[in-house]
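# Close look at the chain arrangement
One letter stands for each residue in the lines below.
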Amino acid sequence: MKINTTPISDLMVIESTPHTDLRGAFARLFCDNELAPVIGRRRIVQINHSTTSTVGTIRGLHFQHPPHAEMKLVRCLKGRVWDVAIDLRRDSPTFLNWYAQELAADNHRMMVIPEGFAHGFQTLEPDSEVFYLTTAHYMPNAEGGVRFDDPRLGVKWPLKAGCLSVKDAAHPLLDEGFHGIFL
Ligand SMILES: Cc1cn([C@H]2C[C@H](O)[C@@H](COP(=O)(O)OP(=O)(O)O[C@H]3O[C@H](C)C(=O)[C@H](O)[C@H]3O)O2)c(=O)[nH]c1=O
């Protein structure tokens, strides 16, 4: 696994190179030894899998408030998604900056999104499947969200927004009073 930095500190992109032979390919989805420099003392406590049938669907952008803030390690195991992370960390020099990567079954790329970031994705192919590991349990009462089309964020999505959950359509826009998550 190759650990790549991004323009946003602590946000990483992991490249994996599958072992291929006549039968097909083998690749590790996760290895605590290889990812120790990124994971540190965190523990993976949940592994989630979402399937999204229609192209253009946006899931997110979600985060959890401390003490339930989580790191997410996100892969696309089928299809293709535009995976977006937004820095919501208070006092971060890149506060409200966003970064995106195309994750696909065939590019074996993984986003490592630390605590204090909102995460979401848009499907670029039908029946896309996202597989992600988290370092904190799902706590609905600690969940927060930002709007995919919030002008304060200016996220660029490859496609016109398609299907959206009622919850995601209802996230409040960030006003000047929003100073981020204090971790
Ligand atoms: C995250 C989660 C959800 N749920 C239940 C809650 C709802 O009844 C249902 C769908 O949840 P939600 O609409 O939040 O799912 P997504 O919109 O795919 O959100 C997820 O995908 C975005 C991109 C993220 O980054 C979040 O980690 C995660 O919230 O599953 C659970 O039971 N356990 C869980 O860990």
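Preceding this paragraph is the structure being described.
Every chain begins its residue count from 1, and numbering advances along the sequence as written. Since the coordinates come from a predicted model, pLDDT governs what is reported: local features require at least 70, and pairs of side-chain atoms require 80 or more to be given and counted, while whole-chain, interface and lining totals use all residues. To get the side-chain values, take all heavy atoms of the structure and skip hydrogens and water.

## Notes on the site of the ligand
The line we're drawing: In these notes, residues near a molecule or strand are those with any non-hydrogen atom within 4 Å of it. Identification of polar contacts relies on pairs of N or O atoms within 3.5 Å, with a donor-acceptor requirement for protein atoms, meaning one able to donate a hydrogen and the other able to accept it, and with residues adjacent in sequence counted only if both atoms are side-chain atoms. Note on areas: Shrake-Rupley, 1.4 Å probe, and residue coverage restricted to the protein chains presented here. A pocket, in this scheme, is an open set of points on a 1 Å grid over the protein atoms alone with protein on both sides within 12 Å along at least 5 of 7 lines, while a cavity is a set where a 1.4 Å probe fits but cannot get out; residues line either one if an atom lies within 4 Å of a point. Being in a pocket or cavity means that more than half of the molecule's atoms lie within 2 Å of its grid points. Strands are runs of DSSP state E lasting at least two residues, helices are runs of H or I lasting at least four, and both sets are numbered from the N terminus onward. Ten residues, namely Ala, Val, Leu, Ile, Met, Phe, Trp, Tyr, Cys and Pro, are considered nonpolar, four, namely Asp, Glu, Lys and Arg, are considered charged, and the remaining ones, Gly among them, are considered polar.
The local shell around the ligand consists of Gln46, Arg59, His62, Lys72, His119, Gly120, Phe121, Tyr132, Tyr138, Glu143 and Lys167. Glutamate 143 places a side-chain nitrogen or oxygen 3.4 Å from an oxygen atom of the ligand. Here lysine 167 contributes a side-chain N or O atom positioned 2.7 Å from an oxygen atom of the ligand. For the ligand, whose accessible area on its own is 640 Å², the fraction buried by protein is 65%. Because more than half of its atoms lie within 2 Å of the grid, the ligand is assigned to the largest pocket. Taken together, the elements giving at least two residues each to the shell around the ligand come down to β6 (58–64) and β11 (117–123). The biggest single contributor to the shell around the ligand is β11, with three residues. Of the residues that constitute the shell around the ligand, the class distribution is three nonpolar, four polar and four charged.

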